[in-house]
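Structural overview
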Amino acid sequence: NKLQEIPLNAVSGGYDPPTVISTAVIQPLTVAVDARGNVYATDWSQVWEIPVGSSGYGPGFVLESGFNMSYGVEIDSLGRLYVTDETDGILSVYHP
């Protein structure tokens, strides 16, 4: 399993070939991107952060674990990360 970025081609109006940004996330369920371009993904029990750098995306790391089913991830305009655990009915908030 992998996360891929599919860039929009401004010239043709179509899409360029996908670029793999992470193979670490085992079974990606939901994805959010912050204002800096960092990617956050859930895969059942974990939330991953895949940072963007000057040479592309980093390998990614587990930001938080221990969820029963982390099914939703969103980022608000202040950079707060919201994660829902569907099984436990919990909404977790992480501040930058």
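Here, every reference points to the structure presented above.
Cut-offs and rules
Residues numbered from 1 in each chain as written. Predicted model: local features only at pLDDT ≥ 70, side-chain atom pairs only at ≥ 80, totals over all residues. Heavy atoms only, no water. Helix = DSSP H or I, 4+ residues; strand = E, 2+ residues; numbered from the N terminus. Contact = heavy atoms within 4.5 Å. Salt bridge = Lys/Arg side-chain N within 4 Å of Asp/Glu carboxyl O. Buried < 20%, exposed > 50% of the residue type's maximum accessible area, 1.4 Å probe, protein only.

Right, let's talk about the environment of Glu64 for a bit. Along the chain, Glu64 falls in strand β7 (residues 61-75). When the C-alpha atoms of Glu64 and Glu49 are compared, they prove to be 9.1 Å apart, with 15 residues separating the residues in sequence. Setting aside anything within four residues of it in sequence, one finds Glu64 in contact with Ser45, Gln46, Val47 and Tyr94.

Here we come to the pattern of salt bridges. Evaluated as defined, the whole model comprises 2 salt bridges. Note that Arg36 and Asp34 form a salt bridge whose closest N and O atoms lie 3.4 Å from each other. Linking Asp76 and Arg80 is a salt bridge whose minimum nitrogen-to-oxygen distance equals 2.6 Å. Since its relative accessible area comes to 26%, Arg80 is described here as partly exposed.

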